[in-house]
Amino acid sequence: MRILVTGAAGLLGGALVAEARARGHEVVGLSRTDLDVTDAPLVRRVVSRHRPDAVVHCAAYTAVDRAESEPDLARAVNRDGARNVATAAAECGAELLYVSTDFVFDGQKRSPYVPNDETGPLSVYGQTKLEGEQAVTEALPGSLVVRTSWLYGGQSGFVPAILRRAAKGEGLRVVGDQRGRPTWAPDGAATMLDLLERGAHGVWHVAGGGECTWLELAREAVRLRGLDVEIEAISSHDFGSPARRPAYSVLDLAATEDLLGRRMGDWKDALARYMSGD
Ligand SMILES: NC(=O)c1ccc[n+]([C@@H]2O[C@H](COP(=O)([O-])OP(=O)(O)OC[C@H]3O[C@@H](n4cnc5c(N)ncnc54)[C@H](OP(=O)(O)O)[C@@H]3O)[C@@H](O)[C@H]2O)c1
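Since the model is a prediction, treat every value here as computed from it, not as a measurement.

J.: Is there a simple way to explain the packing of helix α2 (residues 40-50) against helix α3 (residues 71-91) in this structure?
T.: When two helices pack together, their arrangement is given by the angle between the helix axes and by the axis-to-axis distance. The geometry of α2 relative to α3 is characterised by a closest axis approach of 9 Å and an angle of 35 degrees between their N-to-C directions. The crossing of α2 and α3 is right-handed. Residues A40, V43, R44 and V47 of α2 pack against N84, V85, T87, A88, A89 and E91 of α3. Taken together, the residues of the contact of α2 with α3 sort by class into 6 nonpolar, 2 polar and 2 charged.

In structure tokens:
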């Protein structure tokens, strides 16, 4: 397949480009400087020039807390940008994979969220990503919408930040009252490509197996690194982020696992692979 990836300089976009190339696909990876997805005529021109079989839309406004004070910008990228990309894909007969988030849910459930559960985003980011889901489905019915959660990988983000602080012996306080499914970006990318290659349509969930809190994730990372540091549990309320996050956003993976005929690997194994530089 010829696959065009937006947001290719991002965490997931980079992993998707690498995985798709490793599978022998012809890949065009476009960063924000190559393609600003808010520029509709540009998106149209660039997508039609590359004539992709599929577009994987990873570009997004992902600053969850900042989005609370920049809702227009977040919406311009996450809703309107997604619509622009889906419209351009539709015009050249390409499939679309839109990456969405567990933050479309309100976190009130206590059993894993299935794809058709009622949504109820708590934050501007979650709301605009949900609007993006709706926009792509309208512009290109049959789009593949994949919700994922708690992505990590590369040299920045939650896990490296915890490890850096722990290595310096700095005190650590981590939220212990949000549960979800950490997802190592290369694993998430591989499963998303599996869904695309299988011709899946509609809404699917992709995440690491098992579940934990951010506190448990931090403690496991520090344990694997062999560091002996205490990590203090803190509540979301005391942490005081500008954006509200779901207390429970475990994504149900059964439909994805059934379709692909395999189970998602446990988050602890994935974390160990990430930390061993695999
Ligand atoms: N990270 C998570 O935990 C998580 C969880 C669930 C779902 N997701 C979703 O997964 C996808 C990938 O996220 P990620 O974690 O890889 O985020 P990321 O590393 O922040 O990547 C997003 C990329 O989009 C780019 N971008 C922002 N505005 C753009 C625009 N107007 N036009 C083109 N590109 C633009 C960013 O460029 P700049 O860096 O230059 O701004 C960045 O390279 C997103 O759809 C996100 O909503 C992420």
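J.: Help me out: how do you make sense of the environment of R245 in this one?
T.: Among the structural elements, R245 can be located in the loop between α8 (236-239) and α9 (254-260). Here R245 is in contact with V64, D65, F103, L122 and Q178, once residues within four sequence places are set aside.

J.: How should the packing of helix α7 (residues 214-224) against helix α10 (residues 267-275) be read in this particular structure?
T.: Relative to each other, α7 and α10 sit at 45 degrees, their axes nearing to 10 Å. On the basis of their axis angle, the class for α7 and α10 is oblique. Considering the relative orientation of α7 and α10, their crossing is right-handed. For the pair α7 and α10, contact is made by E216, L217, E220, A221 and L224 and by W267, K268, L271, A272 and M275, respectively.

J.: In this structure, what is going on with helix α5 (residues 158-167)? I would like to understand it.
T.: For an α-helix, the turn length of 3.6 residues means that residues three or four places apart are oriented alike. When we look at burial in α5, the residues that qualify are V159, P160, I162, L163 and A166. Buried residues in α5, looked at end-on, bunch into an arc of 160 degrees, giving them a common side. Contacts from the buried residues of α5 go to β6 (151-152), β7 (172-175), α7 and α10. Positioned one or two residues after α5, G169 has a phi angle of 75 degrees, which is positive.

Calculation criteria
Residues numbered from 1 in each chain as written. Predicted model: local features only at pLDDT ≥ 70, side-chain atom pairs only at ≥ 80, totals over all residues. Heavy atoms only, no water. Axes fitted to C-alpha atoms, helices over the stretch in contact; angles between N-to-C directions. Helix = DSSP H or I, 4+ residues; strand = E, 2+ residues; numbered from the N terminus. Left-handed = near helix turned anticlockwise from the far one by under 90°. Contact = heavy atoms within 4.5 Å. Nonpolar A, V, L, I, M, F, W, Y, C, P; charged D, E, K, R; others polar. Parallel < 35°, antiparallel > 145°, perpendicular 65-115°, else oblique. Buried < 20%, exposed > 50% of the residue type's maximum accessible area, 1.4 Å probe, protein only. Arc of directions from axis to C-beta.

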